[in-house]
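Take a look at the letters that make up each chain.
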Amino acid sequence: MITLTKEDGPADLDGVTHLSIGVSWDPTSGSSGGVMGMLRRKQGTDLDLIAVAMHGAEPVRLAGLDSLDPMGNSSLVHSGDNQTGHGEGDDETITVEFARIPSQVTSIVFIAAAYKKGSSFQAARNISFKVYDATGGSTQQVADIWPSLLSNDNGCAVAKAMRVGNSWKLEVINTTGKIKQGDEHALMRFAISK
């Protein structure tokens, strides 16, 4: 079992064959109550969990948004887009099967963003990122990452998996930043900076 915190630095993933990262959030009505508050809660807000596969400093594949299996071999799979934050448990999940990740991929950066225009981190509450060891078909949570409520940013680099020889390490990043909404190049530049 691995236990991850930002302060610990990269953790060895020896023996971890499958890793999942999930994001969950609750819709909020902001400061408005009554009918407007109810409508805002019903509509929710759309956060997106995205994994950017890197070859050195170059982004080469993206899981999330409209790409659920960018490698085409189920090695990096996104669960699909939740546009409201409604429901129990993780709202979006990305699962990695390390043995099937192509050798050209040297790292994978996991980002949560209010990517689509009109979406907002400030319109969501209780944002949480969970990291799971999903080896052997079981799912064991190994980290719970909470971004700051004080940030006005719309993106959070959650974690980064790095290939080291024939094994992988995972580092908790939990760093926020600004991403131009709807701009995939801005999203990829944010991933490169991590």
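Look above for the structure.
A brief report on the enclosed structure follows. (Residues numbered from 1 in each chain as written. Predicted model: local features only at pLDDT ≥ 70, side-chain atom pairs only at ≥ 80, totals over all residues. Heavy atoms only, no water.)

**Observations concerning the environment of Ser 24**
And then number 1: Tracing the backbone through its elements, the reader meets Ser 24 in strand β2 (residues 18–27).
And then number 2: Sequence separation of Ser 24 and Thr 93 is 69 residues, and the distance between their C-alpha atoms is 9.0 Å. (Helix = DSSP H or I, 4+ residues; strand = E, 2+ residues; numbered from the N terminus.)

**Comments concerning the pairing of strand β7 (residues 107–113)**
And then number 1: Within β7, seven of the seven residues are buried, which leaves the element mostly enclosed by the surrounding structure.
And then number 2: Burial along β7 is two-sided: Ser 107, Val 109, Ile 111 and Ala 113 facing one way and Ile 108, Phe 110 and Ala 112 facing the other are all buried.
And then number 3: The pairing of strand β3 (residues 48–55) with β7 spans seven bridges and is classified as antiparallel. Bridging from a neighbouring strand, Asp 48 pairs with Ala 113 of β7.
And then number 4: In this structure, β7 lies alongside strand β10 (residues 155–164), joined through seven bridges in antiparallel fashion. When the bridges of β10 are listed, Ser 107 appears paired with Met 162. (Buried < 20%, exposed > 50% of the residue type's maximum accessible area, 1.4 Å probe, protein only. Pairing = 2+ DSSP bridges.)

**Description of the pairing of strand β8 (residues 124–133)**
And then number 1: With eight of its ten residues buried, β8 lies for the most part within the structure.
And then number 2: In terms of strand pairing, β2 meets β8 through eight bridges, oriented antiparallel. Opposite Pro 27, over in β8, you have Ala 124 as the bridge partner.
And then number 3: Pairing between β8 and strand β9 (residues 140–145): five bridges, direction antiparallel. Bridge assignment links Val 131 to a residue of β9, and that residue is Ala 143.
And then number 4: Connecting β8 to the antiparallel partner β9 that follows it, the hairpin turn spans six residues, and Gly 136 within it adopts a positive phi of roughly 70 degrees.

**A short note on the nonpolar core**
And then number 1: Counting 37 residues, the largest nonpolar core has Leu 76, Ile 108 and Phe 110 as the members making the most contacts within it.
And then number 2: Residues Leu 62, Val 109, Ile 173 and Met 188 belong to the second largest nonpolar core, which totals 17 residues. (Core = buried A, V, L, I, M, F, W, Y, C linked by side-chain atoms within 4.5 Å.)

**Focus: the sheet that holds β9**
And then number 1: Taken in spatial order, the five strands of this open sheet run β5-β6-β2-β8-β9, and their pairing is antiparallel. Every interior strand has two partners, whereas the edge strands, β5 (76–78) and β9, have only one. The sheet shows a mean angle of 15 degrees between the axes of neighbouring strands, taken without regard to direction.
And then number 2: Sheet topology places β5 next to strand β6 (residues 92–97); three bridges connect them, and they run antiparallel. The residue of β6 that forms the bridge with Leu 76 is Val 96. (Axes fitted to C-alpha atoms, helices over the stretch in contact; angles between N-to-C directions.)

**Focus on the pattern of salt bridges**
And then number 1: This structure, assessed with the given rule, holds five salt bridges.
And then number 2: In this structure, the salt-bridge partner of Glu 97 is Arg 100, at a minimum N-O distance of 3.8 Å.
And then number 3: Among the ionic pairs, Lys 130 bridges to Asp 144, the shortest N-O distance being 3.6 Å. With Lys 130 in strand β8 and Asp 144 in strand β9, this pair connects stretches of sequence that are 14 residues apart.
And then number 4: Take Lys 130: its relative accessible area is 18%, and that puts it in the buried class.
And then number 5: Look at Asp 144 and you get partly exposed, because its relative accessible area is 38%. (Salt bridge = Lys/Arg side-chain N within 4 Å of Asp/Glu carboxyl O.)

**Side note on the environment of Ala 143**
And then number 1: Here Ala 143 shows up in strand β9.
And then number 2: By relative accessible area, which is 4% here, Ala 143 ends up buried.
And then number 3: Through-space distance from the C-alpha of Ala 143 to that of Ile 21 is 9.4 Å; in sequence the pair is 122 residues apart.

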